[in-house]
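Descriptive analysis of the structure
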Amino acid sequence: MSTAVRTASARDIGARILDATSRLLARYGYSKTTIDDVAREAGIGKGSVYLHFASKEEIVLSLVDRAVQEVLDELRTIAAEDASAADRMRRMLAVRVLGRILRFRSYSTSLHDLLAALRPALLVQRNQHLRDEAAIFRAVIEDGIRLREFRTLDPDGTASAFLTATNSLLPYYLNPRELGSSAVIDKRIDAVAALLLTGLATGAAAAQRRRARQRSR
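Summary of the structure given here.

Quick notes on the rules
Residues numbered from 1 in each chain as written. Predicted model: local features only at pLDDT ≥ 70, side-chain atom pairs only at ≥ 80, totals over all residues. Heavy atoms only, no water. Helix = DSSP H or I, 4+ residues; strand = E, 2+ residues; numbered from the N terminus. Expected span 1.5 Å × (residues − 1). Buried < 20%, exposed > 50% of the residue type's maximum accessible area, 1.4 Å probe, protein only. Salt bridge = Lys/Arg side-chain N within 4 Å of Asp/Glu carboxyl O. Axes fitted to C-alpha atoms, helices over the stretch in contact; angles between N-to-C directions. Parallel < 35°, antiparallel > 145°, perpendicular 65-115°, else oblique. Left-handed = near helix turned anticlockwise from the far one by under 90°. Contact = heavy atoms within 4.5 Å. Nonpolar A, V, L, I, M, F, W, Y, C, P; charged D, E, K, R; others polar.

1. Points about helix H7 (residues 155–167)
Spanning 13 residues, H7 covers 18 Å between terminal C-alpha atoms, matching the ideal 18 Å at 1.5 Å per step. Looking only at H7, the buried set comprises Pro155, Thr158, Ala159, Phe162, Leu163, Thr166 and Asn167.

Structural data, given as structure tokens:
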């Protein structure tokens, strides 16, 4: 068997383990799910699970990372589009929140259990995810400045502010009732995005007015 085939086979088994774990988290929650359960659900031996992951904690961290990486890929796709910076930012904020909700909603009842068990490791992982997201948002903000849509002296701080403003809408902080429907969440995102983008656009408009006054003197 070639190295490429073995690598593809390993990826496939790894994905099966993550998919099986996702279903078990939805069914039983983190504390009641065991490696034996994962192996049985994935249709593989327990030893095969340990060949790919050292522990249940590592499996769940990889599952969370996979979901967030999918969201980051969507954000990068939108950021690279030929559209106004404001339109891209608004859509990116929606994907940032709704993308997570769609991926985590099925086991939202067990999120608090999961967070309590893995909080230190999840916080380290989450900080890296936030840095990756901030870099994507910062690039679009800098695009908006170049296109004279936005006005800010601190693109990094502004990107962080956008993330902080929408963090409260993420599934980690909401219980199943508060999550509500996608339509409800979408309205909340629109309200936050409108407020933030108005501030950036207002700054750009004020800068343009100052430049116009200076030219007329």
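2. Quick notes on the pattern of salt bridges
Opposite charge on two side chains lets them pair, provided their charged atoms get close. If you walk through the whole model with that rule in mind, you get 17 salt bridges. Here Asp37 makes a salt bridge to Arg40, at a shortest N to O gap of 2.7 Å. With Asp37 and Arg40 both in helix H2 (residues 35–42), this residue pair falls three residues apart, about one helical turn. We classify Asp37 as buried; its relative accessible area is 16%. Owing to a relative accessible area of 60%, Arg40 belongs among the exposed residues under this scheme. Linking Arg103 and Glu74 is a salt bridge whose minimum nitrogen-to-oxygen distance equals 2.8 Å. Taken as a pair, Arg103 in helix H5 (residues 85–104) and Glu74 in helix H4 (residues 56–79) lie far apart in primary sequence, 29 residues in all. Assessed through its relative accessible area of 32%, Glu74 is described here as partly exposed. What emerges from the salt-bridge pattern is a single network uniting Arg23, Arg27 and Glu41.

3. Describing the packing of helix H6 (residues 111–146) against H7
Each pair of packed helices gets described by two things: the angle between the helix axes and the distance between those axes. Look at H6 against H7: their axes get within 8 Å of each other, and the N-to-C directions meet at 120°. Put simply, H6 runs oblique to H7. Read as a crossing pair, H6 and H7 show a hand that is right-handed. Along the contact surface, H6 presents Arg126, Leu130, Glu133, Ala134, Phe137, Arg138, Ile141, Glu142 and Ile145, while H7 presents Pro155, Asp156, Thr158, Ala159, Leu163 and Asn167. For the contact of H6 with H7, the residue count by class is eight nonpolar, two polar and five charged.

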